[in-house]
Amino acid sequence: MGNLLKGNLNMLASKLTYGLDYNRIRYLQPRYVDARGLAALRILWGAFSFWTISIFYEGRDRNSPPSKSYRC
């Protein structure tokens, strides 16, 4: 997959996430949740999203030493 296609897919995912989040907030905020609760929901949703992505991402082994590019 080329870099241009990856970039476009990432932008599409970003716009979809923003659109869904915006609609959800417009429904929830005036009725059920105050501003602090809404901020907490956004933080929890972000943490859950990163955790879900990390399940499918195969990064380097955490027990291996860092590569030379990470050393100071």
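Shown above is the structure to which this text applies.
Bear in mind the structure is a predicted one, so any value in this text is a computation, not a measurement.

## Here we look at the overall build of the protein
Logical step 1: The secondary structure content of the protein amounts to two helices and zero strands.
Logical step 2: Scored against the burial criterion, the 72 residues of the protein give a buried share of 7%.
Logical step 3: For the protein, the computed accessible surface area is about 7,100 Å², with 62% contributed by carbon and sulfur atoms.

## Regarding a nonpolar patch on the surface
Logical step 1: On the surface, Met1, Leu5, Leu9, Leu12 and Leu16 cluster together into a nonpolar patch covering about 530 Å² of accessible area.
Logical step 2: With a relative accessible area of 45%, leucine 5 lands in the partly exposed category.

## As for the packing of aromatic side chains
Logical step 1: In this structure the tally under the stated criterion is two aromatic pairs.
Logical step 2: Relative to phenylalanine 48, the ring of tryptophan 45 has its centre 5.9 Å away and its plane inclined at 35°; by these criteria the two rings are tilted. Of this pair, tryptophan 45 and phenylalanine 48 both sit in helix H2 (residues 35-56), three residues apart, which is roughly one turn of that helix.
Logical step 3: Summarising the aromatic geometry, the rings of phenylalanine 48 and tryptophan 51 are spaced 6.1 Å apart at their centres and angled 40° between planes, so their arrangement reads as tilted. Of this pair, phenylalanine 48 and tryptophan 51 both sit in helix H2, three residues apart, which is roughly one turn of that helix.
Logical step 4: Judged by relative accessible area, tryptophan 51 falls into the exposed class, the value being 52%.
Logical step 5: One aromatic cluster is present, formed by Trp45, Phe48 and Trp51 through successive ring pairs.

## Section: the environment of threonine 52
Logical step 1: Its place among the elements puts threonine 52 in helix H2.
Logical step 2: For threonine 52, a relative accessible area of 27% puts it in the partly exposed group.
Logical step 3: Engagement of the side chain of threonine 52 in a polar contact is seen with the backbone oxygen of phenylalanine 48, the distance being 2.8 Å.

Calculation rules
Residues numbered from 1 in each chain as written. Predicted model: local features only at pLDDT ≥ 70, side-chain atom pairs only at ≥ 80, totals over all residues. Heavy atoms only, no water. Helix = DSSP H or I, 4+ residues; strand = E, 2+ residues; numbered from the N terminus. Buried < 20%, exposed > 50% of the residue type's maximum accessible area, 1.4 Å probe, protein only. Areas by Shrake-Rupley, 256 points an atom, 1.4 Å probe, with all protein chains shown as cover. Patch = residues over 30% accessible without salt bridge, like charges linked within 9 Å, V, L, I, M, F, W, Y side chains within 5 Å. Salt bridge = Lys/Arg side-chain N within 4 Å of Asp/Glu carboxyl O. Phe/Tyr/Trp six-rings, centres within 6.5 Å; stacked < 30°, edge-to-face > 60°. Polar contact = N/O pair within 3.5 Å; in protein donor to acceptor, adjacent residues only side chain to side chain.

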